[in-house]
Amino acid sequence: FRIGRKFWKAFIAYLHRLCEENYFCKEFPSFCPDGYPQYIDHRKVAKRLQEEIGESKIWPLREDTLPKNEEIFDLIEFFYKYIAKPIDEWYHRYCDGYHPQNYDISKGRYEFTVGVNELFSKFNHPFRLTKGKIKSITIQELDERILSTDFLIDDSHLRRLIDSALENFFDTSGKKKMEGVRSIVEICVKR
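Given the structure is predicted, the values throughout are model-derived calculations rather than measurements.

**Side note on the overall build of the chain**
Working step 1: In terms of regular secondary structure, the chain is built from 7 helices and 6 strands.
Working step 2: Order of helices (α) and strands (β) in the chain, N terminus to C terminus: α-β-β-α-α-β-β-α-β-β-α-α-α.
Working step 3: Put simply, 57% of the contacts in the chain that link residues at least 6 apart link residues at least 24 apart.
Working step 4: Just so you have it, the chain exposes about 11,800 Å², and 49% of that area is on carbon and sulfur atoms.

**Things to note about the confidence of the model for the chain**
Working step 1: For the chain, per-residue confidence averages 84 on the pLDDT scale, and residues scoring 70 or more make up 87% of the total.
Working step 2: When mean pLDDT is taken per element in the chain, helix α4 (residues 105-122) scores highest with 97 and helix α5 (residues 140-148) scores lowest with 61.

**Considering helix α1 (residues 5-20)**
Working step 1: Relative to the 22 Å expected for 16 residues at 1.5 Å per residue, α1 spans 23 Å between its end C-alpha atoms, a close match to the ideal helical length.
Working step 2: Among all positions of α1, only F7, W8, F11, I12, Y14, L15, L18 and C19 are buried. Viewed along the axis of α1, the buried residues span an arc of 165°, placing them on a single side of the element. Looking at α1, the residues exposed on the side facing more than 90 degrees away from the buried face are K6 and E20.
Working step 3: On its buried face, α1 is in contact with α3 (69-82) and α4.
Working step 4: In the segment just after α1, N22 is the residue with positive phi, at about 70°.

**Details of the nonpolar core**
Working step 1: In terms of nonpolar packing, the biggest core is built from 35 residues, with F11, F24, W59, I76 and F112 touching the most fellow members.
Working step 2: When contributions to this core are tallied by element, the ones reaching two or more residues are α1, α2 (42-53), α3, α4 and β5 (127-130).
Working step 3: In this structure W59 touches L15, C19, I40, H42, V45, A46, L49 and F79, once residues within four positions along its chain are discounted.
Working step 4: Membership of the second largest hydrophobic core comes to 6 residues, among which are L158, I162, L166 and I184.

**Remarks on the packing of α1 against α4**
Working step 1: Between α1 and α4, the least distance of the axes is 10 Å, while the angle of their chain directions is 160°. Here α1 is positioned roughly antiparallel relative to α4, judged by the angle of their axes. Classified by chirality, the crossing of α4 by α1 is right-handed. Each of F7, A10, F11, Y14, L15 and L18 in α1 lies in contact with α4, whose residues at this interface are E111, F112, G115, V116, L119 and F120.
Working step 2: A per-class count over the contact of α1 with α4 returns 10 nonpolar, 1 polar and 1 charged.

**Quick word on the pairing of strand β6 (residues 133-136)**
Working step 1: Along β6, the buried face is formed by I134 and S136; none of K133 and K135, which line the opposite face, is buried.
Working step 2: Note: β5 against β6, 4 bridges, orientation antiparallel. Bridge pairing in β6 places L129 opposite I134.
Working step 3: Between β5 and β6, which pair antiparallel and follow one another directly, the connecting turn spans 2 residues, one of which, K131, has a positive phi of 50°.

The rules behind these values
- Residues numbered from 1 in each chain as written.
- Predicted model: local features only at pLDDT ≥ 70, side-chain atom pairs only at ≥ 80, totals over all residues.
- Heavy atoms only, no water.
- Helix = DSSP H or I, 4+ residues; strand = E, 2+ residues; numbered from the N terminus.
- Contact = heavy atoms within 4.5 Å.
- Areas by Shrake-Rupley, 256 points an atom, 1.4 Å probe, with all protein chains shown as cover.
- pLDDT = per-residue confidence, 0-100.
- Expected span 1.5 Å × (residues − 1).
- Buried < 20%, exposed > 50% of the residue type's maximum accessible area, 1.4 Å probe, protein only.
- Arc of directions from axis to C-beta.
- Core = buried A, V, L, I, M, F, W, Y, C linked by side-chain atoms within 4.5 Å.
- Axes fitted to C-alpha atoms, helices over the stretch in contact; angles between N-to-C directions.
- Parallel < 35°, antiparallel > 145°, perpendicular 65-115°, else oblique.
- Left-handed = near helix turned anticlockwise from the far one by under 90°.
- Nonpolar A, V, L, I, M, F, W, Y, C, P; charged D, E, K, R; others polar.
- Pairing = 2+ DSSP bridges.

Rendered as structure tokens:
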């Protein structure tokens, strides 16, 4: 399943709103002329993206370039990690802006999770952000069945085969899910 351009544009708009509301100011602050933290320093974001996911050219995000699913998932997970809701701000007349003083990371992550999942739902994308990780929800009943199965195995080779099959099954890109199912079925048939 390919992430659509409409989702991408909406996600960029959502991130811009969060940036304007200082949700990333705790980790990536820029400073007003008087030295108070305000908004977001795009260079800091680019450097951290390069450090963590090996990509800095992607920031600032551009609507005309639709990244691969994996890159979009990396970005969502990246911003989940660094979001914090400003809970105490003061208005600075000199720069005509608000400066955050305190942040609530849990509230920021909760709001971000809700916002991203609303976008996935709105654009009919079979993904969910759960505890900072993107999960595919294409075959939820099958996912639940697989997760509820307890594979108690003493054979280390068989354990590696099952672990590999499960890793493919739960691959967030969705590309390896059928390969994982096929492997699980083959293992079960051979037993």
